[in-house]
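Report on the structure
Each chain, letter by letter, is given below.
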Amino acid sequence: MTLRFVGIDPNTGGEGSPTVWVEEESADLVLQGEEADVLLKALVGSTEWVAGHRTGIPPHERVIRFPFRMVQILREACDAAERTAAGHRDVR
């Protein structure tokens, strides 16, 4: 597995900062961020966002929050993922 670093929260204090990578083999985005608080997780977990889709947050998933100042970094990550996928034939 190879990760390509895309960006980190520009306001980082040097510890545990929201970070974005692209996994080179799959072109998946890999995100490290602040876990959502109880209120936000309750909202996400109790809302039927897609008709017929079960509500709740599965045990293997997490809701994370990224600060607005990282929107450009996330865009760059999406572009990098698309370029990576274009170079692969068997991307999921």
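Coordinates for the structure precede this section.
Residues numbered from 1 in each chain as written. Predicted model: local features only at pLDDT ≥ 70, side-chain atom pairs only at ≥ 80, totals over all residues. Heavy atoms only, no water.

This part takes up the environment of P59. Here P59 shows up in the loop between α1 (38-46) and β5 (64-65). Along the sequence, P59 and A77 sit 18 residues apart, while their C-alpha atoms lie 26 Å from each other. (Helix = DSSP H or I, 4+ residues; strand = E, 2+ residues; numbered from the N terminus.)

Glancing now at helix α2 (residues 71-86). One turn of an α-helix holds 3.6 residues; hence residues three or four places apart share an orientation. With 16 residues, α2 ought to run about 22 Å at 1.5 Å a step, and its terminal C-alpha atoms sit 23 Å apart, in line with that. Listing the buried residues of α2 in full gives I73, A77, A80, A81 and T84. Within α2, the buried residues cover an arc of 105° as seen down the axis, which keeps them to one side. Exposed residues pointing more than 90 degrees away from the buried face of α2 are listed as E82, R83 and A86. On its buried face, α2 is in contact with β1 (3-8), β2 (19-23) and β3 (29-32). (Expected span 1.5 Å × (residues − 1). Buried < 20%, exposed > 50% of the residue type's maximum accessible area, 1.4 Å probe, protein only. Arc of directions from axis to C-beta. Contact = heavy atoms within 4.5 Å.)

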